[in-house]
Amino acid sequence: MDTTPRWLSITLVSTSSALLISGVGFALNLLNPFTINPFTLMLHLIWAMVISSWVLNLKVKLPGEKKALLAVGVAVAVGSLWGAIQQWMAYLQAGIVNDITLVAGAVVMDTVGGLVIYILYHLNILGRKIGSSGSQTSTESVSASPSI
């Protein structure tokens, strides 16, 4: 794993929160794997954040900027696959099709979840690396001599 302790703690907290929310949804019978509803949209957002944060923890030979974009792409791809499976399973089991607005909303939630982690990664990890290893500007005092 290629990570800092701070980023790993963000990842573990988001993972435990996602598991907790999914468990509460399962216990309250809100988690229906075959339909897309508002609770499922929230799960798309939460799990996109978790997936993209775990992708950022992996050892990948990419610069930080490209690694963050890879994490957003993986979150959107996994979320879109999840939404497509939900659509097909709902159609095959009950002959129903989910509302296209909710399906589009799921893709938007996947994108937003990935972008939230993208921003957090930039603020917490890349910002610190640039700030600590960036070039330090020295103030040079220029003496102005009066021209005669």
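Comments concerning the overall build of the protein
The number of helices and strands found in the protein is 4 helices and 0 strands. Of the regular secondary structure in the protein, the N- to C-terminal order runs α-α-α-α. In the protein, buried positions account for 31% of the 148 residues. Residue pairs at least 24 apart in sequence account for 76% of intrachain contacts in the protein once pairs closer than 6 positions are excluded. For the protein, the accessible surface area stands at approximately 9,400 Å², while carbon and sulfur atoms represent 70% of it.

Re the side chain of Asn37
You can see Asn37 is positioned in the loop between α1 (5-27) and α2 (38-57). Among the polar contacts made by the side chain of Asn37, one reaches the side chain of Thr40 at a distance of 2.7 Å.

Some remarks on α1
Taking 1.5 Å per residue, 23 residues should reach 33 Å; α1 reaches 33 Å between its end C-alpha atoms and fits that length. Backbone geometry just after α1 places Asn29 at a positive phi near 60°.

Some points on the packing of α1 against α2
Two elements in contact, α1 and α2, have axes whose closest approach is 9 Å; the angle formed by their N-to-C orientations is 155°. In terms of orientation, α1 lies roughly antiparallel with respect to α2. For the pair α1 and α2, the crossing hand works out as left-handed. The residues of α2 that touch α1, namely those facing Trp7, Leu8, Thr11, Leu12, Ser14, Thr15, Ala18, Leu19, Ile21, Ser22 and Gly25, are Phe39, Met42, Leu43, Ile46, Trp47, Val50, Ser53, Trp54, Leu56 and Asn57. Class assignment of the residues belonging to the contact of α1 with α2 gives a composition of 14 nonpolar, 7 polar and no charged.

With respect to α2
Its 20 residues place the ends of α2 29 Å apart at the C-alpha level, agreeing with the 28 Å of an ideal helix rising 1.5 Å per residue. A distance of 3.2 Å separates the backbone nitrogen of Phe39 from a side-chain oxygen at the start of α2, and that oxygen is part of Asn37.

So, a nonpolar patch on the surface
A surface patch of nonpolar side chains, about 380 Å² in accessible area, is lined by Leu20, Val24, Leu28 and Leu30. Relative to the helices and strands, Leu20 is located in helix α1.

Quick word on the environment of Met109
Structurally, Met109 can be placed in helix α4 (residues 100-133). Residue Met109 is classed as partly exposed on the basis of its relative accessible area of 28%. Residues Met109 and Met49, 60 residues apart in the sequence, show an inter-C-alpha distance of 9.7 Å. Excluding residues that lie within four positions of it along the chain, Met109 makes contacts with Leu41, His44, Leu45 and Ala48.

Focus on the confidence of the model for the protein
Taken over all residues, the pLDDT of the protein has a mean of 77, while the share at 70 or more is 80%. The least confident element of the protein is α4, whose mean pLDDT is 76; the most confident is α1, at 89. In this model, residues 134-145 is a region of pLDDT below 50 whose contacts with residues beyond four sequence positions or in other chains number 1 contact.

The rules behind the values
Residues numbered from 1 in each chain as written. Predicted model: local features only at pLDDT ≥ 70, side-chain atom pairs only at ≥ 80, totals over all residues. Heavy atoms only, no water. Helix = DSSP H or I, 4+ residues; strand = E, 2+ residues; numbered from the N terminus. Buried < 20%, exposed > 50% of the residue type's maximum accessible area, 1.4 Å probe, protein only. Contact = heavy atoms within 4.5 Å. Areas by Shrake-Rupley, 256 points an atom, 1.4 Å probe, with all protein chains shown as cover. Polar contact = N/O pair within 3.5 Å; in protein donor to acceptor, adjacent residues only side chain to side chain. Expected span 1.5 Å × (residues − 1). Axes fitted to C-alpha atoms, helices over the stretch in contact; angles between N-to-C directions. Parallel < 35°, antiparallel > 145°, perpendicular 65-115°, else oblique. Left-handed = near helix turned anticlockwise from the far one by under 90°. Nonpolar A, V, L, I, M, F, W, Y, C, P; charged D, E, K, R; others polar. Patch = residues over 30% accessible without salt bridge, like charges linked within 9 Å, V, L, I, M, F, W, Y side chains within 5 Å. Salt bridge = Lys/Arg side-chain N within 4 Å of Asp/Glu carboxyl O. pLDDT = per-residue confidence, 0-100.

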